[in-house]
Amino acid sequence: MGSQCKPCRVCRVKPRLLAVACGAVLLISPVWAHDFKLGDLRVDHPYATPTLPGLNTGAVYFRGIRNTGKFPDRLLSATTPVAARVEIHRMTMKADVMQMRAVPSLEIPAGLSVPMKHGSADGHHLMLLDLKAPLRDGERFPVTLTFERAGTREVMAWVQTPRTSGTGSKAAEHRHRH
Ligand SMILES: [Cu+2]
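The rules behind each value
- Residues numbered from 1 in each chain as written.
- Predicted model: local features only at pLDDT ≥ 70, side-chain atom pairs only at ≥ 80, totals over all residues.
- Core = buried A, V, L, I, M, F, W, Y, C linked by C-beta atoms within 7 Å.
- Buried ≥ 20, exposed ≤ 12 C-beta atoms within 10 Å, placed from the backbone.
- Helix = DSSP H or I, 4+ residues; strand = E, 2+ residues; numbered from the N terminus.
- Contact = placed C-beta atoms within 7 Å.
- Pairing = 2+ DSSP bridges.

Caption draft 1: Region of interest: the nonpolar core. The biggest cluster of nonpolar side chains holds 28 residues, and the ones touching the most others in it are Ala48, Ala59, Val60, Tyr61, Leu126, Leu128 and Leu145. Residue assignment for this core shows that the elements contributing at least two residues are β2 (41-48), β3 (58-67), β4 (73-79), β5 (83-94), β7 (106-108), β9 (123-131), β10 (140-147) and β11 (151-159). In this structure valine 60 touches Pro46, Ala48, His125, Leu126, Leu128, Val143 and Ala157, once residues within four positions along its chain are discounted.

Right under this line is the structure:
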């Protein structure tokens, strides 16, 4: 009984992970994670990394976008007041070099979660082009996401320095130059 953790959202979603998840989340901060519901979709923890010196681009990541429904959905576009333009980018590793390119949309298959984390050698993120000001640690800003089925909704992205500073591989250094 004493180990029940009611305020922790992670626990309600995944009761089996109660002890581990609560402990981990509470140790860092009681409000470390956040998520948003949009129809059958769960947009889990939108975040951005602080802007690197000399750059006016950034990226929004997600712990994942989960589709709990029976039909595939598709992320079509995104906008934010902090940047002139937002593109959906796909990253790939080719011969040790990180490459990224804009894609028209991103499929969220039925019953699956699509991770969009930073430092991934193969994955997607939202590219922020022409930032109006550098993103600073601790700030929050709105991002409006539009999906084919689930529609449009605003989520809040948290600017945070990644807890892990990379694995030592070049994949962790995701610099946005265009
Ligand atoms: Cu990018």
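Caption draft 2: Quick peek at unusual backbone geometry. Backbone geometry places alanine 95, a non-glycine residue, at a positive phi of 50°. Positive phi values are uncommon outside glycine, yet aspartate 130 reaches one of about 55°. Structurally, the position occupied by aspartate 130 is in strand β9.

Caption draft 3: Representation of the pairing of β4. The sheet contact formed by β4 and β7 spans three bridges and is antiparallel. Counterpart to arginine 74 in the pairing with β7 is glutamate 107.

Caption draft 4: Spatial organisation of the pairing of β2. Looking at chain direction, strand β1 (residues 35-38) and β2 are connected through four bridges and run antiparallel. Looking at the pairing, lysine 37 lines up with arginine 42 of β2. In this structure, the hairpin formed by β1 and β2 is closed by a connection of two residues, where glycine 39 is found at a positive phi of approximately 60°. With seven bridges joining them, β2 and β3 adopt antiparallel strand pairing. Considered in β3, the bridge of alanine 48 is made with valine 60. One ladder, built from two bridges, connects β2 with β11; its direction is parallel.

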